[in-house]
Amino acid sequence: MTIDVNAANYLETMKQAVIDAIEDIKGFDITPMDVRKLTSMTSYMIVASATSSRQAKAIADNVREKLKEKGYHIRGTEGEKEGEWVLVDLDDIVVHIMVPTTRAYYNLEQLWGEAESRRGHIKAE
């Protein structure tokens, strides 16, 4: 199996840009998960927490703005009206920004971790 270095650099640069944009608005408990071997829908999922729905919306706005400035394609956003769980789809990375109660309830890390234990591929970074 050969690894495309340009694709790997692209993903790493994009992932770091997302993390930086989340941190700019004081998002916390940021968990990037490599899901390339579990799904063809995306390469990474990044889960982050916000203290309120207002902050979750602000983080999503900042992620979209910062990544658009860097030339990345923004596929779409969901959940902004309520703000309890805002999803930003960047094709190669799907960002989940949640208030702590919503994050604890859905526990995406455990959900995808169970997939990892069944398939042995995913790792939280």
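Residues numbered from 1 in each chain as written. Predicted model: local features only at pLDDT ≥ 70, side-chain atom pairs only at ≥ 80, totals over all residues. Heavy atoms only, no water.

### A short note on the side chain of T102
Consideration 1: Looking at the secondary structure, you find T102 in helix 3 (residues 100-106).
Consideration 2: Discounting chain neighbours no more than four positions away, the residues touching T102 are E84 and W85. (Helix = DSSP H or I, 4+ residues; strand = E, 2+ residues; numbered from the N terminus. Contact = heavy atoms within 4.5 Å.)

### A few points about unusual backbone geometry
Consideration 1: Positive phi, close to 70°, is recorded for D91, a residue that is not glycine.
Consideration 2: Summarising the element assignment, D91 is placed in the loop between strand 4 (85-89) and strand 5 (93-98).

### Observations concerning helix 2 (residues 53-69)
Consideration 1: Across its 17 residues, helix 2 extends 24 Å between first and last C-alpha, which sits within 8% of the 24 Å expected from 1.5 Å per residue.
Consideration 2: Within helix 2, burial applies to Q55, A56, I59, A60, N62, V63, R64 and L67.
Consideration 3: Positioned one or two residues after helix 2, G71 has a phi angle of 90°, which is positive. (Expected span 1.5 Å × (residues − 1). Buried < 20%, exposed > 50% of the residue type's maximum accessible area, 1.4 Å probe, protein only.)

### Things to note about the pattern of salt bridges
Consideration 1: Counting across every chain of the model gives seven salt bridges.
Consideration 2: The salt bridge involving R103 is made with D29; its shortest N-O contact spans 3.7 Å. On the criterion of sequence distance, the pair formed by R103 in helix 3 and D29 in strand 1 (residues 28-34) is long-range, its members being 74 residues apart.
Consideration 3: Across the salt bridge formed by D91 and R75, the nearest N and O atoms sit 3.2 Å from each other. Of this pair, D91 sits in the loop between strand 4 and strand 5 while R75 sits in the loop between helix 2 and strand 3 (76-78), placing them 16 residues apart in sequence.
Consideration 4: For D91, a relative accessible area of 28% corresponds to the partly exposed category.
Consideration 5: Here R75 falls in the exposed class, since its relative accessible area comes to 57%. (Salt bridge = Lys/Arg side-chain N within 4 Å of Asp/Glu carboxyl O.)

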